[in-house]
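Listed below, chain by chain, are the residues.
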Amino acid sequence: MDYRRVGRSGLRLPGVSLGLWHNFGGANGLDTQRAVVRRAFDLGVTHFDLANNYGPPAGSAESNFGALLASELRPYRDELIISTKAGYGMWDGPYGDGGSRKYLLSSLDASLARLGLDYVDVFYHHRMDPETPLEETMGALHTAVTSGRALYVGISNYSASQTRAAAAILADLGTPLLIHQPSYSMFNRHVENVAEGESESLLSAVGDLGVGTIVFSPLQQGLLSDRYLSGSVPEGSRAAEGRFLSASSISETYLSRARALNTIAEARGQSLAQLALSWVLRDSRVTSALIGASSVKQLETNVAALSAPALTDDEIAAIEPYAVDGTHHQG
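In what follows, the accompanying structure is described. Nothing here was measured: the structure is a model prediction, and the numbers come from that model.

Conventions we followed
Residues numbered from 1 in each chain as written. Predicted model: local features only at pLDDT ≥ 70, side-chain atom pairs only at ≥ 80, totals over all residues. Heavy atoms only, no water. Helix = DSSP H or I, 4+ residues; strand = E, 2+ residues; numbered from the N terminus. Buried < 20%, exposed > 50% of the residue type's maximum accessible area, 1.4 Å probe, protein only. Contact = heavy atoms within 4.5 Å. Axes fitted to C-alpha atoms, helices over the stretch in contact; angles between N-to-C directions. Parallel < 35°, antiparallel > 145°, perpendicular 65-115°, else oblique. Nonpolar A, V, L, I, M, F, W, Y, C, P; charged D, E, K, R; others polar. Polar contact = N/O pair within 3.5 Å; in protein donor to acceptor, adjacent residues only side chain to side chain.

You can see Tyr152 is positioned in strand β7 (residues 150-156). The partly exposed category is assigned to Tyr152, whose relative accessible area is 27%. When the C-alpha positions of Tyr152 and Leu11 are compared, they lie 9.7 Å apart, and in sequence the two are 141 residues distant. Residues contacting Tyr152, with those up to four places away along its chain left out, are Leu11, Asp121, Val122, Phe123, Val145 and Leu178.

At a closest axis distance of 7 Å, the pairing of helix α2 (residues 60-73) and helix α3 (residues 101-115) adopts a crossing angle of 45°. Judged by the angle between their axes, α2 and α3 are oblique. Residues Glu62, Ser63, Phe65, Gly66 and Leu69 of α2 pack against Ser111, Arg114 and Leu115 of α3. Across the contact of α2 with α3, the residue classes tally to three nonpolar, three polar and two charged.

Time to look at the side chain of Arg4. With respect to the helices, strands and loops of the structure, Arg4 is situated in strand β1 (residues 3-5). Only 3.1 Å separates the side chain of Arg4 from the backbone oxygen of Leu281, close enough to count as a polar contact. Once you skip the residues sitting within four places of it in the chain, Arg4 turns out to touch Leu11, Arg12, Leu13, Gly15, Leu281, Asp283, Ser284, Val286 and Thr287.

Here it is, written out as structure tokens:
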């Protein structure tokens, strides 16, 4: 396993981390979840990423992973990096969403109970809350560390300027911002671009601040895999079920780009998914790529991307015409 330093911190994460956003909820079999988690750890995947609302139902991914921790991984707690988040809607009522101190610390306590842990390694605020002062939100993250409920703190889905503001507040409090978790893939390149109203890209900001980056959806919900290359929408797929992806995404524009990228991958002896992982990890500012896995085979295939040679300048140039931001939205 390739372990990469998180920004300028002392922590290192595996190049590929296991995200429990999909496939680890109450609707999925615990036997498969157990097999995937065990194999991931055997392969050197030491980082497992959750959030309070992962499931469905919300909370079930944490509960299931907590059961696996108790039965399988408890002796190895000091070799695990476990993260969770709060920020999106978790329960009904005025205190189950957003960025208030009340919500964040209550949610963290509930997450720890579901996980059966005294602390998580990283606690994230999952999204910027414009209705809560940033000082309050960052103060709650600081308290999570000083109270012993988290070792590090992170943010997710913040803009470049919001990231700088959050880092400055945390630095004043004495709790450094460890890591940012944005979406990033060959079809979703917003972290490279300067957004409207911003003066720099997110990657530029985190690089300058010395903050790590762990990217989610590097395979763009399966579009950067071989699942849809035939042009058909397999039964049970996310596109077929409308889960974070619609059948209209399997357009001629998408197919022409994905097939061209697949040709480049084949020339490297890789699958399209493996090429997609190699591509996001080409940037030294990206610490780790979060993958989901519905089977041990899928996990092993994705982790194998780390064994491939680094992309050459010529290969990156060949990829560029087809790695078009917004492809996933073009019907």
